[in-house]
Amino acid sequence: MLKLVKPQIIHKEDAINYVRECLSINGEIHGDRLLEKYVDNYELWLDMLDNPNHEENIKLGYVKDSMYFLIEENHSNIIGMINIRHVLNEYLNLYGGNIGYSIRPNKRKQGYATKMLSFALDECKSLGLNKVLITCSKENTGSRKTILNNGGILKNVVYYEKDNEYLERYFIYL
């Protein structure tokens, strides 16, 4: 049985392996809350997650959020990572949305992303959100399918100059 769990120290080794696997495939990870930059200091990353007033969070301009790993019950191996932003700042409203996620490379195209997003939407409801914004690259058919499978409605497409790509912006009403 799958479940979302908060990152803990017991996940350290697998979280680091997850990051390395993802980066070796496509060079970036969505929904990891910059774990790839703290792979050598997992404990600092955990501290940042637990403390919204941590100086790194303030410096980086992060909004209040919740970070989860998708795991099989009774296992600690991470299948996916998902980050829920409780509020949107100007950047997130245009390009990032309320939710970012990724699935471990050897677990992709097996329905895990759809299930993980469904769990995250339940968390969003419990936070009092009545709709969420999720974005994906126009080229990312897997993410588009995940969003549509969870009731996503295309709002518009915007150009993201930083990555020289078009992003699709979807709303999911809760």
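Described below are features of the structure shown in this document. (Residues numbered from 1 in each chain as written. Predicted model: local features only at pLDDT ≥ 70, side-chain atom pairs only at ≥ 80, totals over all residues. Heavy atoms only, no water.)

### Observations concerning the overall build of the chain
Inference 1: Scanning the chain from terminus to terminus reveals six helices and seven strands.
Inference 2: What you see in the chain, going N to C, is helices and strands ordered as β-α-α-α-β-β-α-β-α-β-α-β-β.
Inference 3: Taken over C-alpha atoms, the radius of gyration comes to 15 Å for the chain, in line with the 16 Å a tight globule of 174 residues would show.
Inference 4: Based on the C-alpha atoms only, the size of the chain along its principal axes is roughly 40 × 35 × 35 Å.
Inference 5: Once local pairs closer than 6 in sequence are excluded, the contacts in the chain between residues at least 24 apart make up 59%.
Inference 6: Counting every atom, the chain has about 9,500 Å² of accessible surface; 48% of that belongs to carbon and sulfur.
Inference 7: For the chain, the distance from the average site of its 22 positive side-chain charges to the average site of its 23 negative ones is 6 Å. (Helix = DSSP H or I, 4+ residues; strand = E, 2+ residues; numbered from the N terminus. Rg over C-alpha atoms; globule rule 2.2 N^0.38 Å. Contact = heavy atoms within 4.5 Å. Areas by Shrake-Rupley, 256 points an atom, 1.4 Å probe, with all protein chains shown as cover. Lys, Arg positive; Asp, Glu negative; His and termini not counted. Charge placed at Lys NZ, Arg CZ, Asp CG, Glu CD.)

### Looking at the sheet that holds strand S5 (residues 131–137)
Inference 1: Spatial strand order, S5-S7-S6: three strands in an open sheet with antiparallel pairing. Two strands bound the open sheet, and with one partner strand each, they are S5 and strand S6 (153–160). Ignoring strand direction, the axes of neighbouring strands in this sheet form an average angle of 25°.
Inference 2: Note: S5 against strand S7 (residues 165–173), seven bridges, orientation antiparallel. By the bridge assignment, leucine 133 is partnered in S7 with phenylalanine 171. (Pairing = 2+ DSSP bridges. Axes fitted to C-alpha atoms, helices over the stretch in contact; angles between N-to-C directions.)

### Things to note about a nonpolar patch on the surface
Inference 1: A contiguous nonpolar surface patch, about 370 Å² in accessible area, is contributed by Leu154, Val157, Tyr159 and Tyr166.
Inference 2: Mapped onto the elements, valine 157 comes out in strand S6.
Inference 3: Take valine 157: its relative accessible area is 38%, and that puts it in the partly exposed class. (Patch = residues over 30% accessible without salt bridge, like charges linked within 9 Å, V, L, I, M, F, W, Y side chains within 5 Å. Salt bridge = Lys/Arg side-chain N within 4 Å of Asp/Glu carboxyl O. Buried < 20%, exposed > 50% of the residue type's maximum accessible area, 1.4 Å probe, protein only.)

### Some thoughts on the pairing of strand S2 (residues 65–72)
Inference 1: Among the eight residues of S2, seven are classified as buried, and the element is accordingly described as predominantly covered.
Inference 2: Judged from the seven bridges that link them, S2 and strand S3 (residues 78–85) form a sheet pairing that is antiparallel. Looking across to S3, one finds that leucine 70 is bridged to glycine 80.
Inference 3: Between S2 and S3, which pair antiparallel in sequence order, lie five residues; one of them, asparagine 74, sits at a positive phi of approximately 70°.

### Topic: the layout of surface pockets
Inference 1: Empty space within the second largest pocket amounts to approximately 260 Å³.
Inference 2: Considering the residues around the second largest pocket, the lining is formed by 16 residues, among which Leu49, Asp50, Pro52, Asp65 and Ser66 are closest to the centre.
Inference 3: Only helix H2 (42–50) and S2 provide two or more residues apiece to the lining of the second largest pocket.
Inference 4: By residue class, the composition of the lining of the second largest pocket is eight nonpolar, three polar and five charged. (1 Å grid on protein atoms, 1.4 Å probe; cavity = no way out; pocket = protein on both sides within 12 Å on 5 of 7 lines; lining within 4 Å. Points joined across faces, edges and corners; volume = space filled by probe spheres on them. Nonpolar A, V, L, I, M, F, W, Y, C, P; charged D, E, K, R; others polar.)

Keep in mind these values describe shape, not function.
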